[in-house]
Amino acid sequence: MAGFDKVVSSYAQAMAGLTDNMTIIAGGFGLCGIPEGLISQIKTMGTKGLTVVSNNCGVDGFGLGLLLEDKQIKKMVSSYVGENALFEQQLLNGELEVELTPQGTLAEKMRAGGAGIPAFYTATGYGTPVGEGKEVREFNGRPYIMEQSITGDFAIVKAWKADRYGNCIYRHTAQNFNPMAATAGKITVVEVEEIVEPGELDPSQIHTPGIYVDRVIQGQFEKRIERKVTRS
C-alpha cells in the first residue's frame, strides 16, 4: 500500500499476518452484513486456535460456520448460538469454548475497546450466571457488574461503499456490529461492494472514518437468507 491508498487486490493480501491463536472480531448479525470473502479466506488459510468475537457463528456451511468445519475456532464470544447445528454439537461435546454475552454488552465491549476504555459497568447480567465472578458496584442504589472491553488482532468488516482511503458507509441493517468491530482491531480489514475515489462519499454520511481501517478489498456477495419464511 502506498500513502493513504488502502485497497488490496487479493484476499491473501487482505488477511496477511493472520496466524494461529489470534483473536478476530467479526461484524455482522446472522447473515446480514458479514464479510463473506474474508471468512472464506480464513478457511483457505487453515488458521487454527482462533478466538472469534461475533454476535453469532453463521449457519452450517456458510459465514463463520465454515470455520467450525475444520475446527479452526477454539473459542466463540457471542450472544446467540443461532441456526448452527455444528456450533451446538461442538459446544455440547466440549470441543468449542463459548462465552455467551448479552447482545448490548457485546456491542459495548467492542465500542469501548475501540475507544480505549478498558472496562465499564452495566446492570445487564447482574444476579445471573453472566455476572458470576465479576466485580459488583452500586450506583444510585442499583448493583452493576464490571465488564472488560474487547480488542482483537484482526477485525473483519463488511461495508457497502468505501473510498481508497478506507472511509466506509454501511447500508441499512448492515450497520449492526460492523461500526463497533471496525474500531476494535489492531488490523481492520473491510470487504465492500463498491470502491469509489476519495471525495465521492458525502463526509456527513461516513460511518467509519478511514483512520480505523488498514485494508480494503472489493468482494462478491451471495447474501443468503438465514431463515426464509413465506406465507402458506
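Conventions adopted
- Residues numbered from 1 in each chain as written.
- Predicted model: local features only at pLDDT ≥ 70, side-chain atom pairs only at ≥ 80, totals over all residues.
- Heavy atoms only, no water.
- Pairing = 2+ DSSP bridges.
- Helix = DSSP H or I, 4+ residues; strand = E, 2+ residues; numbered from the N terminus.
- Axes fitted to C-alpha atoms, helices over the stretch in contact; angles between N-to-C directions.
- Core = buried A, V, L, I, M, F, W, Y, C linked by side-chain atoms within 4.5 Å.
- Buried < 20%, exposed > 50% of the residue type's maximum accessible area, 1.4 Å probe, protein only.
- Contact = heavy atoms within 4.5 Å.

## Some points on the sheet that holds strand 7 (residues 142-148)
- The strand order 5-7-6 describes an open sheet built from 3 strands, whose pairing is antiparallel. This sheet does not close on itself; its edge strands, each paired only once, are strand 5 (119-122) and strand 6 (136-139). Along the sheet, successive strands turn relative to each other by an average axial angle of 40°, direction set aside.
- The pairing of strand 6 with strand 7 spans 4 bridges and is antiparallel. Bridge pairing in strand 7 places F139 opposite R142.

## Considerations on the nonpolar core
- Formed by 24 residues in total, the largest nonpolar core has its most connected members in M15, L18, I42, I73 and I156.
- Of all elements in the fold, only strand 1 (23-26), helix 2 (36-45), strand 2 (50-53), helix 3 (65-69), strand 3 (73-78) and strand 8 (152-163) reach the threshold of two or more residues within this core.
- Counting residues per element, this core draws most heavily on helix 2, which supplies 3 residues.
- Residues within four places of M15 in sequence aside, it is in contact with L38, Q41, I42, M45, F154, I156, V189 and R215.
- Among the nonpolar cores identified, the runner-up in size contains 22 residues, and I25, M180, V190 and V216 belong to it.

## Here's the deal with unusual backbone geometry
- Here N140, not a glycine, exhibits a phi torsion of approximately 55°, which is positive.
- Structurally, N140 is set in the loop between strand 6 and strand 7.
- The phi dihedral of H172 falls on the positive side, at around 50°, and the residue is not glycine.
- Its place among the elements puts H172 in the loop between strand 9 (168-169) and helix 6 (178-183).

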